[in-house]
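# Working through the structure, step by step
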Amino acid sequence: MSDHAVLRVKGRVLVGPEEVRDEIWVVGGRITHDRPAGARDVRTVEGWVLPGLVDAHCHVGLGADGAVPDDVSEKQALTEREAGALLLRDAGSPADTRWIDDREDLPRIIRAGRHIARTRRYIRNFAWEVEPEDLVAYVAQEARRGDGWVKLVGDWIDRAEGDLAPCWPRGAVEAAIAEAHRLGARVTAHCFAENSLRDLVEAGIDCVEHATGLTEDTIPLFAERGVAIVPTLVNIATFPKLAAGGEQKFPRWSAHMRRLHERRHDTVRSAWDAGVPVFVGTDAGGTLPHGLVAEEVAELVRAGIPAADAVGAASWAARSWLGRPGLDEGAPADLVVYETDPREDVAVLAAPRRVVLNGHVVA
C-alpha cells in the first residue's frame with residue numbers, strides 16, 4: 001500500500017472541539033490544510049470528519065484463554081478499524097503484536113506490555129504473576145517492552161476475604177511507579193474497588209482503568225493530581241452476570257460488584273464534574289468483542305457527559321493525552337467520515353461512511 005492517491009476531504013472537518021474546516025487534503029498519506037498545486041486524479045470524500053477514533057483500553061492479541069494466534073489478532077485489529085478506531089492503547093497482552101506496526105492497513109497500537117498481577121490474583125494466562133519484591137523488576141521489563149505505558153492489576157478478588165482487595169502494599173507500588181517514570185513510561189492500573197485507589201494515586205500513578213470504586217473521598221484526589229480514568233462502561237455492564245456466577249461461592253464479592261454496577265454512571269459523572277480526565281476505552285479482547293468504541297461513547301453520554309466532550313474523549317482529547325496527532329498539518333491521514341454531526345447525536349459513530357488510514361480509504 002505504498003501508492004497514495006490525493007484525497008480531498010470536504011464538508012465539516014472537526015479538527016478540534018472549536019476548530020472546524022471546510023476541507024483538508026491528503027497528499028502522500030499525510031494531511032495538509034492547503035490545496036496542493038497541480039493535483040490530478042483527486043478522489044473526494046465528503047461528510048462530517050473526525051480524527052481516527054481512539055480505543056484507549058483494549059487488548060489486541062488476547063482471547064478468553066490468553067494469547068491468540070496472529071490471524072486472530074489481525075481480525076481483532078480489523079474489527080477496530082471498521083468501527084473507526086484507528087489508534088489503540090493496548091492495556092496489556094501476552095501476545096507479541098509488533099508485526100502489526102509493519103502493516104499500513106491496520107490501526108496504530110500503543111502497548112503497555114503484559115499485565116503485571118499478584119500471584120494467583122488475576123485471570124489465568126493473561127499476566128505476569130509476581131510477588132511484591134519482584135514488582136519493580138517486572139515493571140522495568142514491561143516499560144522497556146511497551147510504548148510508554150505499563151499496566152498493573154491494582155485489585156482483584158482475594159479468595160480468603162471473599163471480596164475485592166488491593167494486590168500490592170504501598171511501598172511496592174511507590175517503588176514500581178518511580179521506576180517506570182525513571183524509564184519514561186506512564187503507569188495505569190486495573191481497579192474495580194475503592195480501597196486500592198488512594199495508595200496508587202498518592203504513589204504517583206498516571207491513570208486508572210475502570211475506576212468503579214471512586215467515591216467523594218477519592219475523586220478530589222484524582223482531580224488534584226490529574227489522574228485520568230478510562231471507565232470501560234461497556235465492560236462494567238457485565239458485572240451483574242459476573243456477580244450471579246459467583247453468588248454461591250463469594251456472596252460478599254457478588255454484592256460488591258452489583259453495588260459498583262448500580263452506581264457506575266453516577267461515579268463517572270461525578271468524576272467528570274470534578275475535572276477528572278475521562279477517556280474512551282472498551283476493554284475489548286479477553287471476553288469482550290472488539291469494535292465497541294461507539295457504544296462506549298454512548299455510555300459516557302448516558303452517564304451525563306455532554307456529547308461533544310464524549311466525542312472528544314474518543315478523538316481530539318484522547319489523542320492529545322496519548323501524545324498522538326489528530327488532523328494536524330503533516331500528520332498521518334487517519335480519519336473517519338460520518339453522515340451527520342457526531343456532536344449532535346453520538347449514535348452516528350456506529351455507522352462510519354468512510355474510514356481513511358494512512359491516507360488510504362480502507363472502509
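Residues numbered from 1 in each chain as written. Predicted model: local features only at pLDDT ≥ 70, side-chain atom pairs only at ≥ 80, totals over all residues. Heavy atoms only, no water.

Hydrogen bonding along the main chain pairs the strands of a sheet, whether they run parallel or antiparallel. Pairing is mixed across the open sheet formed by seven strands, whose spatial order is β3-β2-β1-β4-β18-β19-β20. Edge positions in the open sheet fall to β3 (30-32) and β20 (360-361), since each of these has one partner strand only. Bridge analysis of strand β4 (residues 42-51) against strand β18 (residues 335-338) gives four bridges, and the strand direction is antiparallel. Bridged to Pro51 within β18 is Leu335. (Pairing = 2+ DSSP bridges. Helix = DSSP H or I, 4+ residues; strand = E, 2+ residues; numbered from the N terminus.)

To continue, consider the layout of surface pockets. When its volume is computed, the largest pocket comes out at roughly 950 Å³. Together, 33 residues line the largest pocket, and Tyr122, Ile123, Trp156, Leu242 and Trp253 are the ones closest to its centre. If you list the elements that add at least two residues to the lining of the largest pocket, you get β13 (155-158), α7 (239-246) and α8 (251-262). For the lining of the largest pocket, the element with the most residues is α7, which contributes three residues. Of the residues belonging to the lining of the largest pocket, the class tally is 15 nonpolar, 10 polar and eight charged. Roughly 200 Å³ of volume is contained in the second largest pocket. Every residue lining the second largest pocket is counted, 16 residues in all, and those nearest its centre are Ile100, Asp101, Pro107, Arg108 and Ile109. The element best represented in the lining of the second largest pocket is strand β9 (residues 108-111), accounting for four residues. (1 Å grid on protein atoms, 1.4 Å probe; cavity = no way out; pocket = protein on both sides within 12 Å on 5 of 7 lines; lining within 4 Å. Points joined across faces, edges and corners; volume = space filled by probe spheres on them. Nonpolar A, V, L, I, M, F, W, Y, C, P; charged D, E, K, R; others polar.)

Looking now at the packing of helix α2 (residues 135-145) against helix α3 (residues 170-182). Closest axis-to-axis distance for the α2/α3 pair is 9 Å, and the angle between their directions is 25 degrees. The angle between α2 and α3 falls in the class roughly parallel. You can see that α2 and α3 cross each other, and the crossing is right-handed. On α3, the residues that touch Leu135, Val136, Val139, Ala140 and Arg144 of α2 are Ala172, Val173, Ala175, Ala176, Glu179, Ala180 and Arg182. Here the contact of α2 with α3 is built from residues that sort into nine nonpolar, no polar and three charged. (Axes fitted to C-alpha atoms, helices over the stretch in contact; angles between N-to-C directions. Parallel < 35°, antiparallel > 145°, perpendicular 65-115°, else oblique. Left-handed = near helix turned anticlockwise from the far one by under 90°. Contact = heavy atoms within 4.5 Å.)

As a further point, take unusual backbone geometry. One non-glycine residue, Asn125, lies in the positive phi region at around 75 degrees. When you line up the elements, Asn125 lands in the loop between β10 (116-118) and β11 (128-130). Phi at Thr232 takes a positive value of approximately 50 degrees, unusual for a residue other than glycine. With respect to the helices, strands and loops of the structure, Thr232 is situated in the loop between β17 (228-230) and α6 (233-236).

What follows deals with the nonpolar core. One finds Leu135, Ile205, Phe222, Leu300 and Leu349 to be the most contacted residues of the largest nonpolar core, which totals 90 residues. Look past the residues within four positions of Leu135 in its chain and what remains in contact with it is Ile116, Val130, Leu152, Trp168, Ala172, Val173 and Ala176. Val15, Val45, Val49 and Val356 belong to the second-largest nonpolar core, a separate cluster that totals 14 residues. (Core = buried A, V, L, I, M, F, W, Y, C linked by side-chain atoms within 4.5 Å. Buried < 20%, exposed > 50% of the residue type's maximum accessible area, 1.4 Å probe, protein only.)

This part covers α7. Every α-helix carries 3.6 residues per turn, so stepping three or four residues along brings you back to the same face. Of the residues making up α7, those classed as buried are Phe239, Ala243 and Gly246. An end-on view of α7 places all buried positions within 70 degrees of arc, on one side of the element. Within α7, the exposed residues directed more than 90 degrees away from the buried face are Lys241 and Gly245. Where α7 is buried, its residues touch α6 and α8. (Arc of directions from axis to C-beta.)

All right, on to the packing of aromatic side chains then. The final tally for this structure, using the stated rule, is seven aromatic pairs. Each ring, one from Trp128 and one from Tyr138, has its centre 5.9 Å from the other, and the planes form 55 degrees; the classification is tilted. Taken together, the residues Trp128 in strand β11 and Tyr138 in helix α2 connect sequence positions 10 residues apart. Residue classification places Trp128 among the partly exposed positions, given a relative accessible area of 26%. Over the ring of Trp149 we find Arg89, and its NZ or CZ is 4.6 Å from the ring centre. For Arg114, the ring lying beneath its charged end belongs to Trp128, and the centroid distance is 4.5 Å. (Phe/Tyr/Trp six-rings, centres within 6.5 Å; stacked < 30°, edge-to-face > 60°. Lys NZ or Arg CZ within 6 Å of the ring centre and 35° of its normal.)

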